[in-house]
Every structure is written in structure tokens, then in C-alpha cells.
Amino acid sequence: MKLKQLEGLLGGLQQFPQPKEELEQYPTGPHIASRMLFTAENSFEDVSNKVVADFGCGCGTLGVAAALLGAEHVLSIDIDPESLEIASVNAEELELDIDFIRSNVLELGWRGPIVDTVIMNPPFGTRKKGADMDFLSVALKVASQAVYSLHKTSTRDHVKRTALRSFNASSAEVICELRFDVPKMYKFHKKKEVDIAVDLWRFVPASHQRST
Amino acid sequence: MRLLTHNMLSSNIKGVVNGFPLRIEVEKVVEKTVEMNGEFLKKMFEKVDWKALIDASRAMGYTELPEEADSSMLDSDEFLNRFHHALLEIHLEEGALVCPETGRRFPVNKGIPNMLLHEDEV
Ligand SMILES: C[S@@+](CC[C@H](N)C(=O)[O-])C[C@H]1O[C@@H](n2cnc3c(N)ncnc32)[C@H](O)[C@@H]1O
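Naming follows an unreviewed UniProt entry, where chain B appears as Glycogen operon protein GlgX of Vigna unguiculata. Under the heading Sequence similarities (unreviewed entry), UniProt records this for chain B: "Belongs to the TRM112 family." Database annotation for chain B, UniProt heading Subunit (unreviewed entry): "Interacts with TRM9."

Naming follows an unreviewed UniProt entry, where chain A appears as Methyltransferase-like protein 5 of Vigna unguiculata. If you open the UniProt record of chain A and go to Sequence similarities (unreviewed entry), you find "Belongs to the methyltransferase superfamily. PrmA family."

In C-alpha cells form, the structure reads like this:
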């Protein structure tokens, strides 16, 4: 599938009608989401024929993108039932077979190294400090091949250090820097926070090095 | 929810030592046909817990998986078809996943399991 085609399909997805502030619900726009998954597939072969998990899937954009690019099994997880309902309609309309789970990503129990790749746009931690790093810590335990995630550029050094030292990632690389429009839907957002610099990261978990 | 998903989830309630496999309570099963990918199945065969998969597929009413399986069977198309069907095509649409130690039910509605823990379970 071509990048433009992927971006077009993602642009047609329904998004949070009433975003919940405390869960940091804002969608990854079609431009960023399509590039994120397109790079994962075409530069790193982390998507097609893989088991992919979408952490904090919201209305499902990233998992839908993975399924469109040929992921064999997509497991999308969110704590919010209303978002999951929209996400499953989004998947159905594109005739994609995606599994959804309602859970707190930080509390779900896993067996075995079945997930290859985790993709996520975690809460940046504006409401709950460190939320994005909590997600990353779990993602690096669950994924056996790669983790793709978005983090504020202002936290770049911290993210790298923590991933490598505390979470035992065998690599942590910024793939590109992006401008992320956090919509003005939250009253507490000051104007300067509306358009923020965000890094797209690719992490390789520790276990992968051992198994190859 | 596919049985592949079932094969990778476990109950994470505080104090539970062995939360896998979750028992399946079935109210409604749906089947959705997907294209078979032999390479994927071969890779998955190494990773799935076979016993959990047979028990789960039986609970869902599918009894064609052999009791014992080894990798030489992956050369048989008939075996691959059955494995494919059990792993990816049968979905638990309504019912529950039940913690094997505590009996706590995690309800499944419209195919979505609710694995959210109560405050005193974390
Ligand atoms: C920034 S949004 C991203 C949504 C979606 N992945 C996307 O890219 O459009 C973060 C999502 O994480 C969910 N979330 C927040 N905390 C969570 C938690 N502890 N467990 C599971 N999901 C959570 C929110 O409900 C929200 O849908």
C-alpha cells in the first residue's frame, strides 16, 4: 500500500467525540500515524506478518494502520470503553480483523513472548507525570522485536537514558522529529502548548539481542 | 477475541501465582474467515501453549485439534488448516474469561474482554 493511500484511509477514521482530559485523549493525526507505521514496515519490517499490539489505542488509528500494512494479528488495548467502541467500528468499516481489550496497559497480565511489535502514542504525562515512561517500560517487556513510540522532544535525553539503563533496551533511536498538534480541546492548554515538538522513537528490547 | 489473544493473556490479580490459561465461558462464538499464512503459523507454533489452545478451542466447540502436536505436523496442509482455524478464525463474541485461581470473571462483550482490575486486585 502506498503512503498516500494509507494516510487517506486513516483520515477517514472517526476520532474521540468527547475526549477525556484525564486520559490525555488526542488522536495521532493521519499524517504522523501513516508515516510512523510506513517507516516501521518499509525500513524495519516490523509490521507485515507480525503480531502487533497498540497500547492506549484510543479510536484505533495505529492498530488500523498496522492491519492495513499486513500485520497478521493486531491487539489494541485501551482503558476507555467509549474509545474502544469507536475503534471497533473503525476497524469493521475497513473490514479489518482486530482484537480489542479493555485494560489498564500497566496492569495487564501477559504470557510468553508472542507480541513482536508494540506501537503507541502514550499519554505524554501532562496529567499523570511519567505516564509515557510507564507505558514504555511495559512495552519493552511485552515486545520481542521493536517498540515505536512518540515522546516530547523536550524529554529526549531522559527517554534515551531511561530506556537504555533502566528498561534494558538494546537500542533507542529517534527516527524523526515531528510537529504534533495537540488540539485546543483542553481548557488548561496554554497557547504555546498547542503545537509541540515530538520525537518518533524506535526501541529494540533486550530479549531480541539474545534471541538473534 | 481470537484464541491467539487468549493464548497470550493471563490473570494479573494481586496474589495470583499462575493466572494462565484463563478458562473460557462461552455464550456466543463467531467465525470470521481470514487468509492462511503458513510462515506465520510455523512461527506461532513455536510460541503458543498447545494445551491451552486445544482446551480453549474445545470450549468454543471446535474439536479437530490433535491432543499432541510436534513440528513435523507443520508439513501437513490439513494440520495447518486446523491450526489456522483454531488460532485466528474462531472468536469469542460473548462470554467470559475466568481466572484459574480465584474464579474471578472477566466479561467479554461484543468480542471485547474487560480485563480491568478492581482497586483491591492491583
Ligand atoms: C494520546 S492518546 C492516543 C490515542 C491513539 N493511540 C491514537 O494514536 O490516536 C492516549 C490513549 O491512551 C489511553 N490511556 C491512557 N491511560 C491508559 C492506561 N493506563 N491504560 C490504557 N489506556 C490508557 C487513553 O484513553 C487514550 O486513548
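What follows picks up the thread again.
Student: What exactly am I supposed to notice about the pattern of salt bridges here?
Tutor: Opposite charge on two side chains permits pairing when their charged atoms draw close. Inspection of the entire model under this criterion finds 21 salt bridges over all chains. Glu121 of chain B is paired through a salt bridge with Arg104 of chain B; the nearest N and O atoms lie 2.7 Å apart. Residue Glu121 of chain B is found in the segment after strand S5 (112-113), and its partner Arg104 of chain B is found in the loop between strand S3 (90-98) and strand S4 (105-109); the two are separated by 17 residues along the sequence. Assigned by exposure class, Glu121 of chain B and Arg104 of chain B land together as buried. Beyond isolated ion pairs, a larger network of salt bridges with shared partners links Lys4, Glu7 and Arg35 of chain A.

Student: Help me understand the packing of aromatic side chains, please; the structure alone is not making it clear to me.
Tutor: Any aromatic ring pair is given by two values, namely how distant the centres are and how the planes are angled relative to each other. Residue and element names in this part refer to chain B. In the structure shown here, the tally under the stated rule is 12 aromatic pairs over all chains. Ring geometry for Phe45 and Phe83: centres 5.9 Å apart, planes at 90°, overall edge-to-face. Taken together, the residues span a long stretch of sequence, with Phe45 in helix H2 (residues 38-47) and Phe83 in helix H4 (residues 77-89) at a distance of 38 residues. With respect to class, Phe45 is no different from Phe83; both count as buried. Both rings, one in Phe79 and one in Phe83, keep their centres 6.0 Å apart while their planes meet at 20°; by these two values the pair is stacked. Of the two residues, Phe79 and Phe83 both sit in helix H4, 4 residues apart, roughly one turn of that helix.

Student: I'm lost on the site of the ligand in this one. Help?
Tutor: Residues and elements named next belong to chain A. Neighbouring the ligand are 20 residues; Thr28, Gly56, Asp78, Asn104 and Val105 lie closest to it. Between the ligand and Asp78, the relevant distance is 2.8 Å, taken from an oxygen atom to a side-chain nitrogen or oxygen of the residue. Taking Ile79, its main chain carries an N or O atom lying 3.4 Å from a nitrogen atom of the ligand. When the ligand is considered free in solution it has 600 Å² of accessible area, and contact with the protein chains removes 96% of it. The site holding the ligand turns out to be the second largest pocket. Residues belonging to the shell around the ligand are distributed by class as follows: 10 nonpolar, 8 polar and 2 charged.

Student: I tried to follow the interface of chain B and chain A on my own but got confused; where do I start?
Tutor: Size of an interface, as often reported, equals the accessible area lost when the parts are brought together. Opposite the 31 residues of chain B that make contact, chain A presents 26 residues. Summed over both sides, the interface of chain B with chain A buries roughly 2,500 Å², with 54% coming from carbon and sulfur. Where chain B touches chain A, the interface holds 5 salt bridges. Close ionic contact of Glu85 of chain A with Lys110 of chain B constitutes a salt bridge, the shortest N to O distance being 3.6 Å. Where chain B touches chain A, the interface holds 17 residue pairs in polar contact (both at pLDDT 80 or more).

Student: Looking at this structure, how should I read the layout of surface pockets?
Tutor: Estimates place the volume of the largest pocket at around 860 Å³. Looking at the largest pocket, it is lined by 35 residues, and the ones nearest its centre are Leu96, Asp97, Ile98 and Phe100 of chain A together with Lys32 of chain B. Elements supplying a minimum of two residues to the lining of the largest pocket: strand S2 (73-78), helix H4 (81-93) and strand S3 (99-102) of chain A together with S3 and S4 of chain B. Its residues assigned to classes, the lining of the largest pocket comprises 15 nonpolar, 8 polar and 12 charged. One number sums up the size of the second largest pocket: a volume of about 550 Å³. Among the secondary structure elements, those contributing two or more residues to the lining of the second largest pocket are strand S1 (51-55), helix H3 (61-68) and helix H5 (131-142) of chain A. Partitioned by chemical class, the residues of the lining of the second largest pocket number 15 nonpolar, 10 polar and 6 charged.

Here is what the cut-offs are and how they apply
Residues numbered from 1 in each chain as written. Chains lettered and ligands numbered in written order. Predicted model: local features only at pLDDT ≥ 70, side-chain atom pairs only at ≥ 80, totals over all residues. Heavy atoms only, no water. UniProt positions renumbered as here; feature names shortened; annotations may be inferred. Salt bridge = Lys/Arg side-chain N within 4 Å of Asp/Glu carboxyl O. Helix = DSSP H or I, 4+ residues; strand = E, 2+ residues; numbered from the N terminus. Buried < 20%, exposed > 50% of the residue type's maximum accessible area, 1.4 Å probe, protein only. Phe/Tyr/Trp six-rings, centres within 6.5 Å; stacked < 30°, edge-to-face > 60°. Near = heavy atom within 4 Å. Polar contact = N/O pair within 3.5 Å; in protein donor to acceptor, adjacent residues only side chain to side chain. Areas by Shrake-Rupley, 256 points an atom, 1.4 Å probe, with all protein chains shown as cover. 1 Å grid on protein atoms, 1.4 Å probe; cavity = no way out; pocket = protein on both sides within 12 Å on 5 of 7 lines; lining within 4 Å. Sits in = over half its atoms within 2 Å of the grid points. Nonpolar A, V, L, I, M, F, W, Y, C, P; charged D, E, K, R; others polar. Contact = heavy atoms within 4.5 Å. Buried area = accessible area lost by both parts, 1.4 Å probe. Points joined across faces, edges and corners; volume = space filled by probe spheres on them.

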